[in-house]
Amino acid sequence: AQSVTQPDIHITVSEGASLELRCNYSYGATPYLFWYVQSPGQGLQLLLKYFSGDTLVQGIKGFEAEFKRSQSSFNLRKPSVHWSDAAEYFCAVGKLTGGGNKLTFGTGTQLKVEL
Amino acid sequence: DTEVTQTPKHLVMGMTNKKSLKCEQHMGHRAMYWYKQKAKKPPELMFVYSYEKLSINESVPSRFSPECPNSSLLNLHLHALQPEDSALYLCASSQEPGQGASYTEAFFGQGTRLTVV
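A brief structural summary.

### A few points about the sheet that holds strand β7 (residues 64-70) of chain B
Residues and elements named next belong to chain B.
Link 1 in the chain: A sheet is described by the order of its strands in space; here four strands give the open sequence β1-β3-β8-β7, paired in antiparallel fashion. Whereas interior strands pair on both sides, the edge strands pair on one side only; in this sheet they are β1 (4-7) and β7. On average, adjacent strands in this sheet sit at an angle of 20° to one another, irrespective of strand direction.
Link 2 in the chain: With four bridges connecting them, β1 and strand β3 (residues 18-25) associate as antiparallel partners. Paired with Thr7 across the strands is Lys22, a residue of β3.

The structure is reproduced here in structure tokens:
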């Protein structure tokens with residue numbers, strides 16, 4: 001069964017500092033990987049995705065992620081964090097089921113940005 | 001248009017009430033989903049509809065009854081809920097592999113915040 005681990009429950013960074021959020025996955029085949037962001041009381045917004053090809057993927061809002069098969073990781077990075085980036089970040093792995101796609105989410109990382 | 005619209009945004013219901021959550025998308029997606037998210041937890045899949053047919057039910061109690069009247073609409077009928085069912089209910093949609101791509105991402109709505117009293 002697929003699973004996702006986000007080892008950091010909370011992360012605090014200063015505005016303008018760089019950010020890296022960790023994600024490790026467990027999946028038997030080629031994984032479909034995602035990062036979503038969620039502001040309080042809101043839905044999920046897709047930041048970026050990895051299906052195949054180039055292992056460094058660019059997303060919205062200046063985020064990027066690198067897929068490393070040898071480490072089963074898909075870490076999210078941003079070179080300079082803005083106060084508006086404070087939110088909950090979820091890493092997810094997707095699985096084709098033959099009738100829709102099943103997403104399994106990690107437990108999330110709460111990002112706090114200090115001004 | 002990459003929007004999934006959910007109504008209502010907030011709902012308070014008693015344990016004997018019957019209510020429905022609604023979800024609509026106009027992206028031509030043929031897979032639609034209901035997820036449940038408790039506070040401080042990740043979303044958990046409840047149901048998947050593929051081409052208007054229920055394809056996945058993650059052992060959800062029968063007090064939750066999904067319905068997909070057409071390819072753009074998804075409902076979740078609620079009856080005799082318990083206080084522990086209070087949560088954010090998220091709807092999502094995605095293309096199916098038969099629509100041209102082997103895999104595509106899911107687009108989520110803003111959710112319905114449900115409180116059962």
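### Details of the nonpolar core
Link 1 in the chain: In this structure, Leu19, Trp35, Leu47, Leu48, Phe74, Leu76 and Tyr89 of chain A are the most contacted members of the largest nonpolar core, which totals 26 residues.
Link 2 in the chain: Counting residues per element, the ones that place at least two in this core are β2 (10-14), β3 (19-21), β5 (32-38), β6 (45-50), β8 (64-68), β9 (73-78), β10 (87-96) and β12 (109-114) of chain A.
Link 3 in the chain: In terms of residues, this core owes the most to one element, β10 of chain A, which gives four residues.
Link 4 in the chain: Those residues in contact with Leu76 of chain A that sit more than four places away from it in its chain are Leu19, Glu20, Leu21, Trp35, Leu47, Leu48, Phe63, Glu64, Ala65 and Tyr89 of chain A.
Link 5 in the chain: Ranked by size, the runner-up nonpolar core spans 23 residues in total, among them Cys68, Leu76, Leu81 and Cys91 of chain B.

### A short note on the state of the cysteines
Cysteine pairs can be covalently joined through their sulfur atoms, and such a bond is termed a disulfide.
Link 1 in the chain: This structure, assessed with the given rule, holds two disulfides over all chains.
Link 2 in the chain: Across a sulfur-sulfur distance of 2.0 Å, Cys23 of chain A and Cys91 of chain A are joined as a disulfide pair. Residues Cys23 of chain A and Cys91 of chain A are joined by a disulfide whose S-S torsion is about -65°; by sign, that bridge is left-handed. Taken together, the positions of Cys23 of chain A in the loop between β3 and β4 (24-26) and Cys91 of chain A in strand β10 put the pair 68 residues apart, joining distant regions of the chain. Pair check on accessibility: Cys23 of chain A and Cys91 of chain A agree, each one buried.
Link 3 in the chain: There is a disulfide in this structure between Cys23 of chain B and Cys91 of chain B, and the S-S distance comes to 1.9 Å. Across the disulfide from Cys23 of chain B to Cys91 of chain B, rotation about the S-S bond amounts to roughly -70°, and the bridge is consequently left-handed.

Thresholds applied
Residues numbered from 1 in each chain as written. Chains lettered and ligands numbered in written order. Predicted model: local features only at pLDDT ≥ 70, side-chain atom pairs only at ≥ 80, totals over all residues. Heavy atoms only, no water. Pairing = 2+ DSSP bridges. Helix = DSSP H or I, 4+ residues; strand = E, 2+ residues; numbered from the N terminus. Axes fitted to C-alpha atoms, helices over the stretch in contact; angles between N-to-C directions. Core = buried A, V, L, I, M, F, W, Y, C linked by side-chain atoms within 4.5 Å. Buried < 20%, exposed > 50% of the residue type's maximum accessible area, 1.4 Å probe, protein only. Contact = heavy atoms within 4.5 Å. Disulfide = S-S within 2.5 Å.

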